Amino acid sequence: MGGIDMTGEASLTTVMDGPIESAPPAGVGLHPAPVAPAGWRVFALRFWRGLLWSLAALVSLAMVVSSASVTQATLRTETAAAHREARLATDALAKHTSQLINDADALLHGMRWVYQRTGSLEETERYVDGLGFDRFAIGNLYFIGPQATILIAHAAPALNRDVSDREYVRFHQTNPADVPFISVVETGRVTGDYYFRISRRVDQPDGSFGGVVLASLSPRAFAFYFRELQLGTQSATALLGTHDHKLRARLPEPSPEQWGAPIESPLWAALAQSPAGTYETASGVDGVRRLYTYRQVENLPLVLVVGFSAADVDHRVAARIGWLWPVATVVILLFLGLIALADALMRARERLTTAHRELHDLYVQMRDLALFDPLTGLPTRTHFMTQLTSCLANATRNGLSCALLYLDLDDFKPINDRAGHEVGDAVLKVVGQRLGGALRASDAICRWGGDEFLILLPQPGTASELLELVERLLEQLAEPILVRGDGYRISASVGIARFPDDGRTAAHLQAAADTAMYAAKRQGKGRIVLAADLASARENGDASGIFVLS
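Residues numbered from 1 in each chain as written. Predicted model: local features only at pLDDT ≥ 70, side-chain atom pairs only at ≥ 80, totals over all residues. Heavy atoms only, no water.

Colleague: Can you help me understand unusual backbone geometry in this one?
Modeller: Apart from glycine, the bulk of residues carry a negative phi angle, and the bulk of peptide bonds sit in the trans form. Cis geometry is found at the peptide bond from Leu251 to Pro252, where omega equals 0 degrees. Mapping Pro252 onto the fold places it in the loop between strand 8 (247-251) and helix 5 (267-273). Following Phe499, the chain continues to Pro500 via a peptide bond in cis, the omega torsion being 5 degrees. Located in the positive-phi region is His245, a residue other than glycine, with phi close to 60 degrees. In this structure, His245 sits in the loop between strand 7 (236-241) and strand 8. In this structure, Arg484 is a non-glycine residue whose phi angle is positive, near 55 degrees. Mapped onto the fold, Arg484 is located in the loop between strand 15 (481-483) and strand 16 (486-488). (Helix = DSSP H or I, 4+ residues; strand = E, 2+ residues; numbered from the N terminus.)

This is the structure in C-alpha cells:
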C-alpha cells in the first residue's frame with residue numbers, strides 16, 4: 001500500500017511506473033532550450049581529451065605508487081638499521097658507563113685502603129693528590145669523617161662543610177655492608193654544578209661508622225660520550241637508577257626540576273622481565289615518542305637506554321632518497337603540462353559550445369532557486385503544481401489513483417500574535433520538516449501559503465487506509481514544538497480529494513480538497529474530511545451527514 005512513511009525515511013516501495021518528473025513551468029518556451037550535442041567532432045574531441053587525461057592519471061598514479069613503495073621500503077630498511085645501531089650504541093655506552101663507574105669505585109677503594117692502613121688524613125690526601133684520573137668525568141674525590149664533615153677535598157671551600165643531610169651519608173651510617181651507593185643528581189654546594197655521587201663506607205677498627213669516601217660524577221661528561229653515538233636530532237640517551245627511577249645523565253639534558261623526578265615508563269616492567277630489550281613510549285621528559293633499547297649496566301643499579309623517534313628515521317630516509325619525491329613531482333608536472341597544453345588546444349575548438357551549455361546551466365540553477373520556499377525549504381506552488389500535473393497525467397495513462405491533501409494549521413495565528421512572527425516562522429519550519437520527513441520519495445509537498453500545505457500521495461490505497469495514514473500524520477504533527485524553551489502544540493484540519501473520483505484536473509482536485517478542508521475547519525480542530533463524503537452529503541441534502549474523522 002502506498003502512503004506516508006511515518007518513520008521519516010523515504011519509502012522504497014514503487015507505486016507508479018517511475019518517480020514523478022517535474023515538468024517545465026508555464027512559459028518555459030521563452031527561455032533557452034538545452035544545448036544539443038555538437039556532433040561527432042565534439043564527441044571525438046572529448047573522447048581524445050578523456051583518453052589523454054586518463055593516460056595522465058594512470059602515469060601519475062603509477063609514479064606516485066612507485067615512489068611511495070620505494071619510500072616505504074626505505075623506511076622499513078632505515079627503521080631496522082636505526083634499531084640495530086641503537087642496540088649497538090646501548091651496549092657500547094653501557095660498557096663505557098660501567099668502566100667509568102668502576103674506575104671511580106677503584107679510586108674509592110684506594111683512598112679507603114690508604115686511610116685504614118695509615119690512619120692519617122695527610123697520607124690519604126697525599127695519595128689522592130698523586131692519583132691520575134679522568135677529571136672531566138670525575139669532578140672531585142672526598143673523604144667525609146665520622147661526624148659527616150668533609151675532611152679531604154680538592155676544592156678548598158668544601159673543607160669542613162657539614163653534609164649530614166646528604167642521602168649517601170645517611171645510607172652508609174645505617175648500612176654496614178660494603179656496597180657502593182650511587183646518589184641522585186644534586187647541585188654541588190661549592191661549584192653549583194650538577195653531580196651524582198658514588199660512595200663507599202669507611203669502618204673504624206671496631207667496625208663502627210668511620211666516614212665515607214666519595215667521588216662526584218658529572219652528568220654532562222656522560223652526555224658528552226652519549227653524543228658520540230647519537231642516532232639523530234630527536235634521539236635520546238639516558239642513564240637511570242633502577243631503584244629510584246631517577247635520571248643520572250641524559251642527552252638532551254633535562255630541566256633542573258626533572259633531575260629529581262621519578263620517570264614513569266614501560267622500561268621498569270620490561271627490565272623486570274629481562275636485563276636488555278626494547279620498548280616504545282612517549283618520553284616523560286620531553287614528550288617525544290621513541291623506540292628505545294635498554295641494557296642494565298652490569299651488576300650496578302643503573303640502566304642505559306637509547307631511543308630514536310619517527311622523525312629520526314624520516315631524516316635518514318630523506319638523506320637516502322630525498323631526491324625521489326622532488327624528481328617525481330617535476331616529472332609528473334612536466335607530463336601534466338604537456339597534457340594540459342594538448343587539452344587546451346582541443347578545448348579551444350569547443351569553447352563556444354561550452355559557453356552555450358554554461359549559459360543554459362545557469363538558467364537551470366536560477367530556475368531551481370525559484371522552486372523552493374525560502375522559509376521551510378519545501379517546493380513552491382509552481383514546482384508542486386508541476387508535480388501534480390505530471391502525477392495526474394501518469395495516473396490517467398496507467399489507470400492509477402492519487403490523493404491530494406489540503407492541510408491547514410489550527411490556531412496558528414494566536415502563536416504569531418502572542419509570540420511574534422519569528423517564533424511563528426520557527427514553528428512553520430518544524431511543521432515543514434515533520435511533514436516532509438514523513439513522505440516517500442514519490443510523494444510531493446509544498447507550502448501553499450501562510451499556514452497551509454498541500455500533499456500529493458500517488459496511489460494512496462483505500463479510503464480507510466488513507467484516513468488511517470493521515471490520522472497518524474496528524475498525531476506526529478501534534479507532538480510539542482519547542483522554541484526558545486517554550487512548547488507549542490499544533491493541530492491541523494485536512495481535506496482530502498482523490499483522483500479521479502473528486503476531480504480529473506489539478507484545479508478541480510485542489511478545489512475539492514480545499515472545500516473539504518474548510519468543512520473540517522467548521523467541525524472543529526484536528527478533523528479530516530473526505531471530499532467524496534462531502535459531495536455525498538450535499539446530494540442527500542444533509543450537511544450534518546458529512547463524514548468527519550477527529
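Colleague: What is the right way to read the packing of aromatic side chains from this model?
Modeller: Here a ring pair, both rings aromatic, is described through the centre-centre distance and the interplanar angle of the planes. Tallying each qualifying case throughout the model produces ten aromatic pairs. With centroids separated by 6.1 Å and ring planes inclined at 35 degrees, the aromatic side chains of Tyr194 and Trp259 adopt a geometry described as tilted. One end of the pair, Tyr194, is in strand 5 (residues 194-203); the other, Trp259, is in the loop between strand 8 and helix 5, and 65 residues separate them in sequence. The exposure class assigned to Tyr194 is partly exposed, which follows from its relative accessible area of 23%. The interplanar angle of 15 degrees and the centroid separation of 5.0 Å between the aromatic rings of Tyr279 and Tyr292 together place this pair among those described as stacked. Separated by 13 residues along the polypeptide, Tyr279 in strand 9 (residues 276-282) and Tyr292 in strand 10 (residues 289-296) bring together distant segments of the chain. Counting every residue linked through ring pairs, the aromatic cluster contains Phe136, Phe224 and Tyr225. (Phe/Tyr/Trp six-rings, centres within 6.5 Å; stacked < 30°, edge-to-face > 60°. Buried < 20%, exposed > 50% of the residue type's maximum accessible area, 1.4 Å probe, protein only.)

Colleague: Can you help me understand the packing of helix 10 (residues 412-419) against helix 11 (residues 421-437) in this one?
Modeller: Contact geometry of helix 10 with helix 11 gives a least axis separation of 6 Å together with a crossing angle of 140 degrees. When the interaxial angle is binned, helix 10 and helix 11 end up oblique. Side by side, helix 10 and helix 11 meet where Phe412, Ile415, Asn416 and Ala419 of the first sit next to His421, Val423, Gly424, Val427 and Leu428 of the second. Across the contact of helix 10 with helix 11, the residue classes break down as six nonpolar, three polar and no charged. (Axes fitted to C-alpha atoms, helices over the stretch in contact; angles between N-to-C directions. Parallel < 35°, antiparallel > 145°, perpendicular 65-115°, else oblique. Contact = heavy atoms within 4.5 Å. Nonpolar A, V, L, I, M, F, W, Y, C, P; charged D, E, K, R; others polar.)

Colleague: Is there a simple way to think about the nonpolar core in this case?
Modeller: Nonpolar side chains in soluble globular proteins generally cluster together in the buried interior. Within the largest apolar cluster, 62 residues are counted, with the highest numbers of intra-cluster contacts made by Leu141, Phe222, Leu239, Leu240 and Val305. At twelve residues, helix 1 (residues 40-118) tops the list of elements feeding residues into this core. Excluding its chain neighbours within four sequence positions, the residues that come into contact with Leu240 are His245, Lys246, Leu247, Arg248, Ile263, Leu267, Trp268, Pro301, Leu302, Val303 and Val305. Residues Leu407, Val431, Leu467 and Ile490 belong to the second largest nonpolar core, which totals 34 residues. (Core = buried A, V, L, I, M, F, W, Y, C linked by side-chain atoms within 4.5 Å.)

Colleague: So what exactly am I meant to see when it comes to the side chain of Asp502 here?
Modeller: By the element assignment, Asp502 lies in the loop between strand 17 (491-499) and helix 13 (506-523). Of the polar contacts made by the side chain of Asp502, one reaches the backbone nitrogen of Arg498; its length is 2.7 Å. The contacts of Asp502, once residues within four sequence positions are left out, are Ile496, Ala497, His508, Leu509, Ala512, Ala531 and Ala532. (Polar contact = N/O pair within 3.5 Å; in protein donor to acceptor, adjacent residues only side chain to side chain.)

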